[in-house]
Amino acid sequence: MSSGNGDDQHPTPEPSPAQPPRIPLPRASVEDTGRPLPALEGLGDLAPRRAPLVLEHRVLQSLLGAWALAACAPEETEAVEEHLGDCGSCADEARRLREAVGLLHPAETLDLDPALRARVLEGCLERRKPRIPVPEWATPYDAEAARLDALLQDFGDAEWHAPVRLRWFRGDEPTSRRTTVAGVIAHLLTVDGLVAIALGLEDPMGDVAADRPTPSARTEAYWRASHFPPTRAVRAPWREQTHDLVRTVSFTGGGTGELSVPYGDFELPLRDAMLDRAFECWVHAEDIAEAVDYPYETPSGRDLHHMVDLAARMLPTVLAARRRAGLAAPPPPGPHRRLVPAGAPGRSLRLEIEGSGGGEWLIPLDSPAAVGSAEHEVAHVALDGAEFCRLAAGHVSPAEAAAGQVGDRDAIRDVLFAAASLSRM
């Protein structure tokens, strides 16, 4: 430490000639060195800017629309923005145009409304009737296959190999199976093949043999036969098969609607099988969209209504099968127990579906051959349309599905679990 006396401080040593000074000397200006100045072309952004455009007021006013859409050249943009600082009327007009452009580009999802396709087709068909119309019962499948195909269009390898968990109910327990996005499309290809076979088309499985002709057995056999996990190459045969199915039922004039399609454990008429495939296409599209973290809308209200109607019509048969297996409660004793002949009204549950695709269905509880009856209603369940479909897909637990329920608790439980039992891989 110093004592505070300047005379006691040690003087700063002078640098030796061999060492550079500790404090660098000021750099000489290039003008003082006698060296030539650098060329302006090498200075890049430091080069002098070009003179701004000088445009008349009427020309600048005509450019306001293009400026609001960000469609002007850089020189025009600069001229317009400089003009807006001096001209109040043009500034007001520019503000109004920018607000209008904001209305043209709302901050919403880029996906199209699922109902838009149906509206466009309706408008086209009003102008000119199709020479070969698609049957009404096949249009939901046509629409859902097209929506899924649009989702897959820009997928890269990472998305095709993204993990997907297929979920469904077996008995009263949820179960699942892990696969990939490509594996899901392979699953749809093989199960849609059941409809293709019924129509006399080629089986997409080729020489691959399944243990049983059920959707799950066919899918597992196809996965096992693949030398490598399915890739994006599966999209082309699936897409072609969807077109073939729609084209074939259209060329038959819709007269094949009652043709039986075997699913191994049960059969469906072709018109219901096409609805079933539309439902599966949408449900698995949601699985894929969830796997790649992408939003996916529910089907249009009309198509969703057809899907709900199919599930509601299948409930009495599924409920009877569960009762035979001991999974559903028998009809209660006493005055409510009514063994009725086929076609007669019986004990019923009112299923009310709210929102898009909604409606009401009276579900006969004691026999598939009975007729739902408001007079013999013992319970009432209210559900959102998409929520009911996710219940039927095995994606929602029966205990969590009902938005509102009144009446016989056993009947309500049996119907909700029967809906979940509609699901399968």
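Structure's up top.
Keep in mind that this is a model prediction, so the values were computed, not measured.

Further remarks concern helix 10 (residues 215-225). Because each turn of an α-helix spans 3.6 residues, side chains separated by three or four positions in sequence point in the same direction. Within helix 10, the full set of buried residues consists of P215, A217, R218, T219, A221, Y222 and W223. If you follow the buried residues of helix 10, they end up packed against strand 1 (163-170), strand 2 (173-180) and helix 9 (181-198).

It is worth spelling out the side chain of D276 at this point. Mapped onto the elements, D276 comes out in helix 12 (residues 270-291). Residue class for D276 comes out buried when judged on its relative accessible area of 6%. Within the local environment of D276, its side chain forms a polar contact with the side chain of R277, the two groups lying 3.2 Å apart. Setting aside anything within four residues of it in sequence, one finds D276 in contact with Y263, L268, L310 and R424.

Look at helix 13 (residues 301-324) against helix 16 (residues 409-421): their axes get within 9 Å of each other, and the N-to-C directions meet at 100°. By the angle between their directions, the pair helix 13 and helix 16 is classed as roughly perpendicular. On the side of helix 13, the interface is formed by L315, V318, L319 and R322, while helix 16 contributes D414, V415, F417, A418, A419 and S421. In the contact of helix 13 with helix 16, the residues fall into 7 nonpolar, 1 polar and 2 charged.

Right, let's talk about the nonpolar core for a bit. Nonpolar side chains in soluble globular proteins generally cluster together in the buried interior. Among the nonpolar cores identified, the biggest contains 85 residues, and L148, L351 and F388 are the most heavily contacted of them. Setting aside residues no more than four positions away along its own chain, L351 makes contact with A312, L315, G359, E360, W361, I363, V381, L383 and F388. In this structure, L64, W67, C87 and V101 belong to the second largest nonpolar core, which totals 13 residues.

What follows covers the packing of helix 9 against helix 10. At their nearest, the axes of helix 9 and helix 10 sit 9 Å apart, and the two run at 125° to each other. Judged by the angle between their axes, helix 9 and helix 10 are oblique. The way helix 9 lies across helix 10 gives a crossing that is right-handed. Within the contact between the two elements, helix 9 uses G183, A186, H187, L189, T190, V191, G193, L194 and I197 and helix 10 uses P215, R218, T219, Y222 and W223.

What counts and how
- Residues numbered from 1 in each chain as written.
- Predicted model: local features only at pLDDT ≥ 70, side-chain atom pairs only at ≥ 80, totals over all residues.
- Heavy atoms only, no water.
- Buried < 20%, exposed > 50% of the residue type's maximum accessible area, 1.4 Å probe, protein only.
- Helix = DSSP H or I, 4+ residues; strand = E, 2+ residues; numbered from the N terminus.
- Contact = heavy atoms within 4.5 Å.
- Polar contact = N/O pair within 3.5 Å; in protein donor to acceptor, adjacent residues only side chain to side chain.
- Axes fitted to C-alpha atoms, helices over the stretch in contact; angles between N-to-C directions.
- Parallel < 35°, antiparallel > 145°, perpendicular 65-115°, else oblique.
- Nonpolar A, V, L, I, M, F, W, Y, C, P; charged D, E, K, R; others polar.
- Core = buried A, V, L, I, M, F, W, Y, C linked by side-chain atoms within 4.5 Å.
- Left-handed = near helix turned anticlockwise from the far one by under 90°.

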